[in-house]
Amino acid sequence: MVSTGELIALSPVLVVDDDESTQQRLVRLLSDLLGATHDIAVADTVADAKAIVPVFKPRLALVDIGLPDGNGVELIGWVENHHPDTTTVAISAWGHEEIVLAALRAGAVGYLMKERDDVELRAALQSIRRGGALIDPLIARRILSYIPFVSKDNLAPSVSPTESLVRNDISLSERESEILQFVAQGFSNREIADLTGLSRFTIEGYTKSIYRKLAVSSRTAAVFEAKSMGLL
Amino acid sequence: MRVFFVLLLACGLFASSVAAEQIPSTTNATIELQSAEAAPADWHSEAPPVDGWTPVKLMDLWDTRWPHHDGVVWYRLHWNQTSTDQPVGLFIDYVSLAYVLYVNGNRIYSDTHLVEPLSRTWIRPQYFLIDKPLLRQGQNTLLVRVSGLAGYQPGFGAVTIGNPDAVQARERRGEFLRYNVQVFDLSVSFVFGGLFFLLWLLRRKDTYYGWYALCTVVWSLYTINFLASSPWPFNNTPAWEAINAAAYFASTVTFAIFLLRYAGYQWPRTEGIMLVLCVALFAVALLCPQWTGHYRAVAIIFGCSIYYVAIFGFMGYAWRHPRADNYALAGSLLIPLVVSAHDMLLFLGVIRSDSYLLAVTSPITIIGMGSALAYRFAVAMRRAENFNLELQREVQAATGQLTETLKREHDLALNNARIGERLNLVRDLHDGFGGSLLAAISTLENPRLPPEPAQVVITLKELRDDLRLIIDTTTHERDTDLAGLLAPLRHRWSQRFEAIAIDNRWTVEGVDDLSLGAMRVLELLRFLQESLTNVLKHSSASQVHVYIRRKGECLNVEVRDDGQGFDLASVARRGAGLPSLRARVGRLGATLQIMSSPGGGTRLSFDVPLSPMALT
């Protein structure tokens with residue numbers, strides 16, 4: 001940890017997953033990270049989660065995409081709408097980018113791949129705690145293909161209504177787009193940091209802001225899209 | 001034939017007018033002098049002979065009276081002039097060939113050439129104005145010295161005297177009908193002949209254009225007969241007349257051949273005979289102008305017959321082949337037929353008029369024939385244009401079909417390739433992933449070697465990583481180049497090395513547009529994954545550098561680390577992972593180069609040949 005002062009409080013945390021071993025693994029990882037277990041709740045279904053969230057008021061919810069009584073993307077959207085203080089992160093196994101992207105558009109600020117090593121999952125959670133997010137080349141590529149235009153400068157969002165409409169309500173800053181390009185080519189965060197002169201934590205922050213922009217565009221639309229693509 | 005008609009014209013003019021000789025003129029009246037006296041003389045006669053005068057009726061052609069008289073004939077006419085207050089007009093209608101005119105003993109006109117080559121004055125009428133003191137009250141005498149040749153209608157036509165305006169009007173009408181119309185005829189012939197000659201030059205296979213052009217040009221040569229005032233370029237009248245008759249004959253022959261061609265016929269023997277006759281006639285005309293000129297009527301009549309036979313023949317053809325252009329041409333040929341019939345009837349006095357029409361209608365005929373040709377040309381053009389349109393439509397349809405077929409074939413090929421890839425993938429799952437899985441199971445099941453949990457995890461993670469590669473490669477191969485397919489592996493391994501603080505560098509150059517095909521890419525990724533796993537597990541390296549560079553027609557792959565290295569000989573014997581790497585490189589069509597020494601790091605490298613097919 002570089003700086004503890006910048007950490008976001010992730011506790012209490014809710015794990016929504018119907019697979020017991022995954023539940024246990026995630027609880028273990030979170031416990032290692034947060035150092036306490038009493039702030040971690042577990043739900044097996046969408047219904048459970050919807051019941052728990054208003055009472056438990058988690059700061060973080062890890063949501064599996066494939067749940068027995070519904071889909072996680074919908075749950076993420078619901079949480080984002082009704083409890084915007086709760087940060088959501090999608091969980092997927094061998095996740096297809098379309099599914100991950102649907103979750104991001106529904107409001108998730110990150111994703112975890114079940115097949116990854118513990119080391120990698122831990123790194124992802126740490127990144128989330130630092131206020132950032134991790135990203136994979138295939139996801140970066142997919143986001144780039146979603147957004148054909150890139151606004152010149154994020155600081156001066158002088159986007160006219162028509163332009164913003166054309167851009168599907170998403171406009172990335174030049175820096176964000178540059179980072180996505182690097183990620184898509186397979187550069188690691190450290191390499192990108194070397195190339196851009198930014199710290200790797202700043203880069204993680206940019207990644208998160210890209211995810212937020214995706215979510216802002218349309219949450220319900222993302223669910224519909226994912227459904228129509230047969231992913232949910 | 002034309003010569004005859006000009007003569008008919010002259011005859012007709014005098015026949016249709018009212019004879020009023022020796023009647024005192026009033027202010028507006030004209031009189032036509034039809035009575036005269038004629039006396040022959042030699043070529044060089046300076047004054048009218050004293051005796052030998054014969055009374056004649058004008059117009060007079062002396063060849064009937066003195067059949068062999070070439071030379072001069074003097075004509076003497078008288079008229080009574082009641083008053084000389086007003087001048088009188090004098091109209092000389094026809095003189096063949098050259099003459100000198102005296103009024104009351106005074107010479108008032110003389111042709112340039114009174115001996116051969118004789119002037120050709122007959123081509124146009126002449127008008128004179130006579131006033132006091134030349135004009136006398138009472139009897140006036142007109143003396144005309146005519147130089148002519150017995151063979152070429154020598155003689156003198158009627159003379160009209162009277163009110164100048166009326167006489168001049170008559171002269172002008174004669175000038176128009178006999179001269180101006182011929183000028184027009186000639187011009188039209190040249191223009192149309194020239195036009196279709198050019199057309200023929202551009203379309204040699206449409207020979208009727210050429211024959212039409214030839215016909216009109218030869219015809220216009222003949223027409224010059226009515227316009228030339230001297231026999232130039234010949235130095236005598238018979239030569240001129242002989243060539244002229246030959247030109248007439250040639251025009252009828254070419255006309256007949258034109259009609260044949262137009263109707264689509266070729267009669268080589270008939271045409272050959274006629275053309276040979278033409279050439280022979282020209283030759284004879286040049287060699288024996290006297291003889292040919294004398295018998296030129298034969299050529300004229302023969303040519304005239306060809307002309308009429310051709311016209312009637314074509315009309316029969318048009319009757320049997322009803323087509324607009326055939327009708328147009330037949331119609332334009334009908335004009336000279338009708339007109340010559342009209343002129344003939346007029347000559348015979350069956351109908352009454354004072355105008356012969358053939359000379360006027362000749363240009364109409366030429367224009368009519370030209371129009372028929374133009375119409376035919378236009379029809380051919382239209383057909384060509386329609387043909388082009390139709391052709392274009394058919395080409396478009398064919399192109400469309402071809403495109404569709406090609407697309408279908410392409411789709412089919414693509415589909416086959418896809419199926420092939422899928423088969424490859426299945427085979428790979430059997431041999432690669434499946435093999436590893438079976439090996440892992442048999443190892444774990446071995447009762448004599450109870451598995452350590454850590455070893456089990458390592459084995460399973462290897463399987464997982466391999467599955468990841470398979471998924472990434474097969475899911476994204478379609479729309480992703482090598483650079484894109486390398487990215488997830490690179491990203492993953494960068495993270496792994498970073499997590500355990502191994503400095504890792506990647507140099508990826510010139511692979512942006514490279515496509516190797518799913519199976520080769522998978523092989524390459526597996527090589528990288530295995531060699532990087534080796535670095536991670538065995539090398540204790542602090543630095544690893546991966547190079548993937550395109551070098552011309554090769555893809556150079558290199559993995560270097562600064563780890564502990566190994567003894568090539570001993571490792572080769574034990575074979576810790578190296579045979580697998582070698583096999584993969586071999587499947588990529590390359591040979592693995594290994595450089596390693598204990599403590600000196602390891603370097604694996606190979607060059608994958610890129611077939612031209614791999615370049616997109």
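Scroll up to find the structure this text is about.
Cut-offs and rules
Residues numbered from 1 in each chain as written. Chains lettered and ligands numbered in written order. Predicted model: local features only at pLDDT ≥ 70, side-chain atom pairs only at ≥ 80, totals over all residues. Helix = DSSP H or I, 4+ residues; strand = E, 2+ residues; numbered from the N terminus. Buried ≥ 20, exposed ≤ 12 C-beta atoms within 10 Å, placed from the backbone. Contact = placed C-beta atoms within 7 Å. Nonpolar A, V, L, I, M, F, W, Y, C, P; charged D, E, K, R; others polar. Pairing = 2+ DSSP bridges. Axes fitted to C-alpha atoms, helices over the stretch in contact; angles between N-to-C directions.

Peer 1: Explain the overall build of chain B here, please?
Peer 2: The helix and strand inventory of chain B stands at 14 helices and 18 strands. Every one of the 616 residues in chain B was classed for burial, and the buried ones make up 35%.

Peer 1: It is not clear to me how the overall build of chain A should be interpreted in this structure. Could you clarify?
Peer 2: Counting its regular elements, chain A contains 11 helices and 7 strands. Evaluated residue by residue, chain A yields a buried proportion of 44% over its 232 residues. Of the contacts made within chain A by residues no fewer than 6 positions apart, 66% connect residues no fewer than 24 positions apart.

Peer 1: What's the story with the environment of B:Asp131 in this structure? I'm lost.
Peer 2: Residues and elements named next belong to chain B. Along the chain, Asp131 falls in the loop between strand 10 (126–130) and strand 11 (138–148). A count of 11 C-beta atoms within 10 Å places Asp131 in the exposed class. The sequence separation of Asp131 and Asp85 amounts to 46 residues, and the corresponding C-alpha distance is 8.6 Å.

Peer 1: Is there a simple way to think about the interface of chain B and chain A in this case?
Peer 2: Counting residues at the interface gives 15 residues for chain B, matched by 15 residues for chain A. Where the side of chain B that touches chain A is concerned, the elements lending two or more residues are helix 10 (453–476) and helix 11 (482–499) of chain B. Considering each element in turn, the side of chain B that touches chain A owes the most residues, 11 residues, to helix 11 of chain B. Looking at the side of chain B that touches chain A residue by residue, the class counts come to 6 nonpolar, 5 polar and 4 charged.

Peer 1: When you look at the sheet that holds strand 1 (residues 13–16) of chain A in this model, what are you seeing that I'm missing?
Peer 2: Remark on secondary structure: sheet strands pair via backbone hydrogen bonds, oriented parallel or antiparallel. Residue and element names in this part refer to chain A. Across the sheet, 5 strands lie side by side as 2-1-3-6-7; this open sheet has parallel pairing. Of all strands in the sheet, those bounded by a partner on one side alone are strand 2 (40–43) and strand 7 (111–113). Sheet twist, expressed as the mean angle between neighbouring strand axes with direction ignored, is 20°. Examined bridge by bridge, strand 6 (residues 87–92) and strand 7 share 3 bridges and lie parallel to one another.

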